[in-house]
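Structural overview
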Amino acid sequence: MEPSKSIIAISKLNKSFGENHVLRDFDMSLAPGENLVILGKSGSGKSVLIKCIIKLIDADSGDIMVLDHDISMMDQDEMDLLRKDIGFLFQSNALYDSMTVRENLEFPLRRHWTKEQRESQAEEAVMEALEDVGLSHTVNMMPAELSGGMRKRIALARTLILKPKVILYDEPTTGLDPITAREISELMISIQKKYKASSVIISHDMNCIRMTSNRVITLIEGRNYVADTYENLMKNTDPKVSEFFR
Ligand SMILES: Nc1ncnc2c1ncn2[C@@H]1O[C@H](COP(=O)(O)OP(=O)(O)O)[C@@H](O)[C@H]1O
Ligand SMILES: [Mg+2]
């Protein structure tokens with residue numbers, strides 16, 4: 001098969017829950033190294049889209065190619081392997097409260113690394129990921145001892161530890177104060193540079209979008225309504241688009 005130029009390519013994706021037709025012939029593609037934002041109102045299907053991309057939920061119809069794999073054809077074991085290359089930052093950080101920061105970061109290694117690899121390389125990997133998010137000093141702390149912004153950074157470090165090729169961010173700045181949100185956005189930019197990762201960023205935080213996006217897709221009524229740069233979208237006079245900028 002000819003390798004495609006897209007990291008993720010989705011065409012005519014449909015997903016309903018009963019009568020609720022959430023995604024309707026949704027199309028998108030993610031280019032190598034790109035930070036692509038999906039902008040949509042609350043309840044518009046952004047999280048559903050991300051869950052379809054990692055097959056946490058099954059699409060009703062449509063094609064989803066991730067790193068040149070047609071995920072509809074893949075079983076659980078094959079998806080587990082693919083997920084090693086896909087970092088997913090959940091909306092809730094989903095840290096384990098009973099584990100230290102170190103143990104939280106080591107957790108993904110249990111599934112994806114051998115025992116020998118973990119014994120020889122885990123500590124170095126943990127410390128590198130923590131340095132990337134500026135929190136080396138928290139390695140022995142418990143999540144409850146950290147602020148919301150710090151927990152978000154730890155969750156991000158846990159995503160980075162497997163050196164993912166694609167990172168999916170679900171509302172990375174929602175619920176954070178403006179200064180902390182800005183720090184997280186800056187971190188996302190530095191991660192894009194350092195890891196050369198390609199990212200899908202779900203957000204309705206206009207500051208985060210302005211800072212991090214190379215391109216923005218507006219998810220409106222289940223469709224890819226407009227895809228453009230932030231600067232161009234800002235000038236778009238379509239009421240459905242311009243209302244995001246009010
Ligand atoms: N597992 C599910 N079962 C039924 N409905 C769901 C499920 N997940 C999401 N939905 C519905 O799909 C729509 C989109 O949800 P979601 O993707 O979470 O929105 P958001 O854009 O805020 O992330 C909402 O109407 C939500 O109620
Ligand atoms: Mg959501």
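Values in this document were obtained by computation on a predicted structure and should not be read as measured data.

Rules behind the numbers
- Residues numbered from 1 in each chain as written.
- Chains lettered and ligands numbered in written order.
- Predicted model: local features only at pLDDT ≥ 70, side-chain atom pairs only at ≥ 80, totals over all residues.
- Heavy atoms only, no water.
- Salt bridge = Lys/Arg side-chain N within 4 Å of Asp/Glu carboxyl O.
- Helix = DSSP H or I, 4+ residues; strand = E, 2+ residues; numbered from the N terminus.
- Pairing = 2+ DSSP bridges.
- Contact = heavy atoms within 4.5 Å.
- Axes fitted to C-alpha atoms, helices over the stretch in contact; angles between N-to-C directions.
- Domains from an automatic or database assignment.
- Buried area = accessible area lost by both parts, 1.4 Å probe.
- Polar contact = N/O pair within 3.5 Å; in protein donor to acceptor, adjacent residues only side chain to side chain.
- Buried < 20%, exposed > 50% of the residue type's maximum accessible area, 1.4 Å probe, protein only.
- Core = buried A, V, L, I, M, F, W, Y, C linked by side-chain atoms within 4.5 Å.
- Near = heavy atom within 4 Å.
- Areas by Shrake-Rupley, 256 points an atom, 1.4 Å probe, with all protein chains shown as cover.
- Nonpolar A, V, L, I, M, F, W, Y, C, P; charged D, E, K, R; others polar.

Applying the stated criterion across every chain yields a total of 15 salt bridges. A salt bridge links Arg83 to Asp80; the shortest N-O distance between them is 3.2 Å. Here Arg83 pairs with Asp80, and both are found in helix H2 (residues 76-83), just three residues apart, close to one helical turn. The residue Glu119 makes a salt bridge to Lys115 at a minimum N-O spacing of 3.0 Å. Of this pair, Glu119 and Lys115 both sit in helix H4 (residues 115-132), separated by four residues, roughly a single helical turn. The network of salt bridges with common partners includes Glu128, Asp132, Lys163 and Lys194.

Next up on the list: the sheet that holds strand E1 (residues 8-17). The strand order E2-E1-E4-E5 describes an open sheet built from four strands, whose pairing is antiparallel. Both outer strands of the open sheet, strand E2 (20-30) and strand E5 (69-70), are each paired with one neighbouring strand and no more. Where E1 meets E2, seven bridges bridge the pair, whose relative direction is antiparallel. Bridge pairing links Ser16 to His21 in E2. The sheet strands contacting helix H1 (residues 46-53) are E1, E2 and strand E4 (61-66), and the helix crosses E1 at an angle near 120°.

Another aspect to go through is the domain arrangement of the chain. One frequent convention defines the size of an interface as the accessible area lost when the parts assemble. Domain annotation of the chain identifies domain 1 (1-85 + 164-246) and domain 2 (97-162). For domain 1 versus domain 2, the distance between C-alpha centres works out to 25 Å. Contacts between domain 1 and domain 2 engage 15 residues on the former and 13 residues on the latter. Of all residues in domain 1, the largest losses of buried area upon contact with domain 2 belong to Lys84, Pro164 and Leu187, amounting jointly to 35% of the total for that side. Summed over the shared surface of domain 1 and domain 2, the result is four salt bridges. The closest approach of N and O atoms between Lys194 and Glu128, which form a salt bridge, is 2.9 Å. On inspection of domain 1 and its partner domain 2, the count reaches four residue pairs in polar contact (both at pLDDT 80 or more). Those elements that provide at least two residues to the side of domain 1 that touches domain 2 are strand E7 (166-170) and helix H6 (178-195). Looking at which element gives the most residues to the side of domain 1 that touches domain 2, the answer is H6, with seven residues.

Of all five residues that make up strand E3 (residues 35-39), five are buried, and the element is covered over most of its length. Taking every second residue as pointing to the same face, both faces of E3 are buried, with Asn35, Val37 and Leu39 on one and Leu36 and Ile38 on the other. Bridging between E3 and strand E8 (residues 198-203) involves five bridges; their strand directions are parallel. Its bridge partner being in E8, Ile38 is matched across the sheet by Ile202.

This part covers the sheet that holds E3. Pairing within the open sheet is mixed, and its six strands lie in the order E6-E7-E8-E3-E9-E10. Taken across any chain shown, the strands that pair with only one partner, and hence form the sheet edges, are strand E6 (86-89) and strand E10 (223-228). The mean angle between the axes of side-by-side strands here comes to 20°, regardless of whether they run parallel or antiparallel. Relative to E10, strand E9 (residues 215-220) runs antiparallel, the two sharing five bridges. Bridge assignment links Leu219 to a residue of E10, and that residue is Asn224.

If you look at the biggest cluster of nonpolar residues, it comprises 44 residues, and the most contacted ones within it are Leu105, Leu130, Ile154, Ile161, Tyr169 and Ile191. Of all the elements, H6 adds the most residues to this core, at six residues. Excluding residues that lie within four positions of it along the chain, Ile191 makes contacts with Leu156, Leu160, Ile167, Tyr169 and Lys196. Formed by 32 residues, the second largest nonpolar core is a distinct cluster that contains Ile7, Leu49, Leu82 and Ile217.

Close to ligand 1 lie Phe17, Asn20, Val22, Lys41, Ser42, Gly43, Ser44, Gly45, Lys46, Ser47 and Val48. Here an oxygen atom of ligand 1 sits 3.0 Å away from a polar atom, N or O, in the main chain of Gly45. Val48 is positioned with one of its backbone polar atoms (N or O) 2.9 Å from an oxygen atom of ligand 1. When isolated, ligand 1 has an accessible area of 560 Å², and the protein chains bury 59% of it. Contributing elements (two or more residues each) for the shell around ligand 1: E2 and H1. Looking at the shell around ligand 1, the element that brings in the most residues is H1, giving three residues. Taken together, the residues of the shell around ligand 1 break down into three nonpolar, six polar and two charged.

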